[in-house]
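# A look at the structure
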Amino acid sequence: MMRFVETLKNIWTIDELRKRILVTLLLVLVYRLGCYVVLPGISPADLDALSKFTNKSGLMQLLDMFSGGAFSQASIFALGIMPYITASIVIQLLGMVLPSFQKMMREGESGRQKLNQYTRYLTVLILILQGPAYLINLQVQVSAAGAVSAMGPWTVAYLTVILAAGSMFIMWLGERITDRGIGNGISFIILVGIIARLPQALFYEFTSRMPGSTGSQGGLVMFVVELILLFAVTVGAVLLVQGTRKVPVQYAKRIVGNRQYGGARQYIPLKVNAAGVMPIIFAQAIMFIPITLAGFGSSDNAGGFIAAFSDINGFWYNLVYFLMIVAFTYFYTAITVRPTQMAEDMKRNNGFIPGVKPGKKTAEYLDSIMSRITLPGSIFLGIVAILPAFARFFGISQNFAQFFGGTSLLILVGVVLDTLQQIESHLMMHHYDGLMKEGKIKGRTTGSAY
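Everything in this summary refers to the structure shown in the same document. These numbers were taken from a predicted model, which means no experiment stands behind them.

A few words now on the overall build of the protein chain. Helices and strands together make up the secondary structure of the protein chain, namely 17 helices and 5 strands. Across the 450 residues of the protein chain, 43% fall into the buried class. The long-range share in the protein chain, meaning contacts at least 24 apart out of those at least 6 apart in sequence, stands at 70%. With an accessible surface of roughly 23900 Å², the protein chain has 65% of that area assigned to carbon and sulfur atoms.

This is the structure we're talking about:
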């Protein structure tokens, strides 16, 4: 405990790090306040119907979690940061297919700025499409309350502008956090949105386990068991995010003048889960299609196929979901990790893997290693993705079960680890400069895990 307090003192002592943390907290506070600013013409008292609909729909509940509750509050930030994430994914995929985008990726900073500009344009286009869709859904859900039943085309137009401006403002906040704060701003905003739902979910789960409450099973002992299981699942997610296979690389010695370069052995860290959360996002996008189709019609008239794949707790839904995550993990890893390019770069820098010939043999060796470590990584990723369904099967509430796995847990773990790594790098840098003479934070370094 004393070591933790001493580390906090060290963080506060570093002027630059202190300013970055305070700026991050200030911008996060602005974001959270904006999540409670309701759209013009809508009464907050008439949003109960939208909240109930959001809790029933898997897709809507996911969007509400990523927006920090702004989706169900009809806030000016209701569309959240997800349109920007969608645009980024599309631009990234285009960069793997179109030669012109590949050229911009290789141009360095100038090419990156062009891609960021295209991402912003695509984000605006997505917002223009998603804004009216959200307003139509809002009108249907709260029409009984008379809040937006008379919404006309001009009302939809100016509310869409407000929603688009809100999402672009969130994107601007994320960029400011990246530049002047700590951590990746966009990811940090998603993290804040997820964590904002955790206290409410914990309180609801705690009260539902209290003796005398409706449907109470297991009492407080079961609640403690749930917390232990949540901790164990979080530890497993940390292992999945940090797991790497280190491939040794030897560089030839070069003598330039009186100095010797190379000759040292280094390592290529190949991640067990190189695809991150992208396979889950792709699989969710496809698996939500039957749910969307079922939502347009009556559940009584829905066919057996659509009905089976509309139940996010059903066996067939989760089985296909798991298999798609495994397949997408291999697909995304294959297009992002390129052993041939790694082998060429290694050969160009006079590097080689001991016991493996440079060139084609090195590429085949790296490809075989990636194929082997991707299999357990994809299976583990699939298990983490369907864990919320198991949690709901054992009686855990819908809101709390989302934290037992899926995209929310992996994003939470990944962003927290990345933020802690940046804080640790600031501490270690000032330690080497002599500000931390006693070396209090040596045991806390996590740089080797990355």
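As a further point, take the nonpolar core. Most often, soluble globular proteins have nonpolar side chains that are buried together. If you look at the biggest cluster of nonpolar residues, it comprises 63 residues, and the most contacted ones within it are Tyr31, Ile81, Ile85, Tyr321 and Leu410. What Leu410 contacts, discounting residues up to four positions off in sequence, is Ala237, Leu240, Val277, Ile280, Leu381 and Val384. In this structure, Ala78, Leu127, Leu138 and Leu159 belong to the second largest nonpolar core, which totals 14 residues.

Below, the discussion takes up the sheet that holds strand β5 (residues 351–352). If you walk across this open sheet you meet the 3 strands as β4-β1-β5, and the pairing is antiparallel. If you trace the sheet from one side to the other, it starts and ends with β4 (265–271) and β5, each paired once. Note: strand β1 (residues 244–251) against β4, 7 bridges, orientation antiparallel. Its bridge partner being in β4, Val247 is matched across the sheet by Ile268.

Moving on, we get to the packing of helix α2 (residues 15–34) against helix α8 (residues 153–180). At a minimum axis separation of 9 Å, α2 and α8 run at an interaxial angle of 170°. The orientation of α2 with respect to α8, classified from their angle, is roughly antiparallel. Contact residues: α2 offers Arg20, Val23, Thr24, Leu27, Val28, Val30 and Tyr31, while α8 offers Phe169, Ile170, Leu173, Arg176, Ile177, Thr178, Asp179 and Arg180. Tallied by class, residues from the contact of α2 with α8 come to 9 nonpolar, 2 polar and 4 charged.

Scanning all chains against the criterion turns up 9 aromatic pairs. Residues Tyr31 and Phe77 carry aromatic rings whose centres are separated by 6.0 Å and whose planes lie at 10° to one another, so their mutual orientation is stacked. Note that Tyr31 is positioned in helix α2 and Phe77 in the loop between α4 (58–66) and α5 (82–97), a separation of 46 residues in sequence. Each member of the pair, Tyr31 as well as Phe77, is classed as buried. Seen from their ring centres, Phe77 and Phe169 are 6.0 Å apart, and the 25° between their planes marks the pair as stacked. Taken as a pair, Phe77 in the loop between α4 and α5 and Phe169 in helix α8 lie far apart in primary sequence, 92 residues in all. Overall, the relative accessible area of 4% leaves Phe77 in the buried class. With relative accessibility at 33%, the residue Phe169 sits in the partly exposed group. Clustering of aromatic rings is evident, with ring pairs tying together Tyr31, Phe77, Phe169 and Trp172.

What follows is about helix α9 (residues 185–209). With 25 residues, α9 extends 37 Å from end C-alpha to end C-alpha; this agrees with the ideal 36 Å at 1.5 Å per step. Where α9 begins, the capping side chain belongs to Asn184, and its oxygen is found 3.3 Å from the backbone nitrogen of Ile186.

The subject of this paragraph is the environment of Lys271. Residue position: Lys271 is located in strand β4. When its relative accessible area of 36% is taken as the criterion, Lys271 is described as partly exposed. It is 5.9 Å that separates the C-alpha atoms of Lys271 and Gly243, two residues lying 28 residues apart in sequence.

The interhelical angle for the contact between α2 and α9, taken along N-to-C directions, is 60°, at an axis separation of 11 Å. By the angle between their directions, the pair α2 and α9 is classed as oblique. As for how α2 packs across α9, the hand of that crossing is right-handed. In this structure, α2 contributes Thr24, Val28, Tyr31 and Arg32 to the contact, and α9 contributes Phe188, Ile189, Val192, Gly193 and Ala196. Within the contact of α2 with α9, the residues separate by chemical class into 6 nonpolar, 2 polar and 1 charged.

Another aspect to go through is the pattern of salt bridges. Scanning the entire structure with this criterion turns up 6 salt bridges. With its nearest N and O atoms 2.6 Å apart, the salt bridge here joins Arg18 to Asp15. Note that Arg18 and Asp15 are positioned in helix α2 at a spacing of 3 residues, about one turn of the helix. Asp15 sits in the partly exposed class, given a relative accessible area of 37%.

Once that is clear, we can look at a nonpolar patch on the surface. A cluster of nonpolar side chains, namely Leu26, Leu29, Val30, Leu33, Phe169 and Trp172, defines an oily patch on the protein surface of about 570 Å² accessible area. Elements that contribute at least two residues to the nonpolar patch include exactly α2 and α8. Tallying contributions element by element places α2 first for the nonpolar patch, with 4 residues. A relative accessible area of 53% means that Leu26 is categorised as exposed.

By secondary structure assignment, the location of Pro248 is in strand β1. Look at Pro248 and you get partly exposed, because its relative accessible area is 25%. Separated by 105 residues in sequence, Pro248 and Ile353 have C-alpha atoms that sit 6.1 Å apart. Aside from chain neighbours lying at most four places away, what touches Pro248 is Arg265, Gln266, Tyr267, Phe352, Ile353 and Pro354.

Cut-offs used in this document
Residues numbered from 1 in each chain as written. Predicted model: local features only at pLDDT ≥ 70, side-chain atom pairs only at ≥ 80, totals over all residues. Heavy atoms only, no water. Helix = DSSP H or I, 4+ residues; strand = E, 2+ residues; numbered from the N terminus. Buried < 20%, exposed > 50% of the residue type's maximum accessible area, 1.4 Å probe, protein only. Contact = heavy atoms within 4.5 Å. Areas by Shrake-Rupley, 256 points an atom, 1.4 Å probe, with all protein chains shown as cover. Core = buried A, V, L, I, M, F, W, Y, C linked by side-chain atoms within 4.5 Å. Pairing = 2+ DSSP bridges. Axes fitted to C-alpha atoms, helices over the stretch in contact; angles between N-to-C directions. Parallel < 35°, antiparallel > 145°, perpendicular 65-115°, else oblique. Nonpolar A, V, L, I, M, F, W, Y, C, P; charged D, E, K, R; others polar. Phe/Tyr/Trp six-rings, centres within 6.5 Å; stacked < 30°, edge-to-face > 60°. Expected span 1.5 Å × (residues − 1). Polar contact = N/O pair within 3.5 Å; in protein donor to acceptor, adjacent residues only side chain to side chain. Left-handed = near helix turned anticlockwise from the far one by under 90°. Salt bridge = Lys/Arg side-chain N within 4 Å of Asp/Glu carboxyl O. Patch = residues over 30% accessible without salt bridge, like charges linked within 9 Å, V, L, I, M, F, W, Y side chains within 5 Å.

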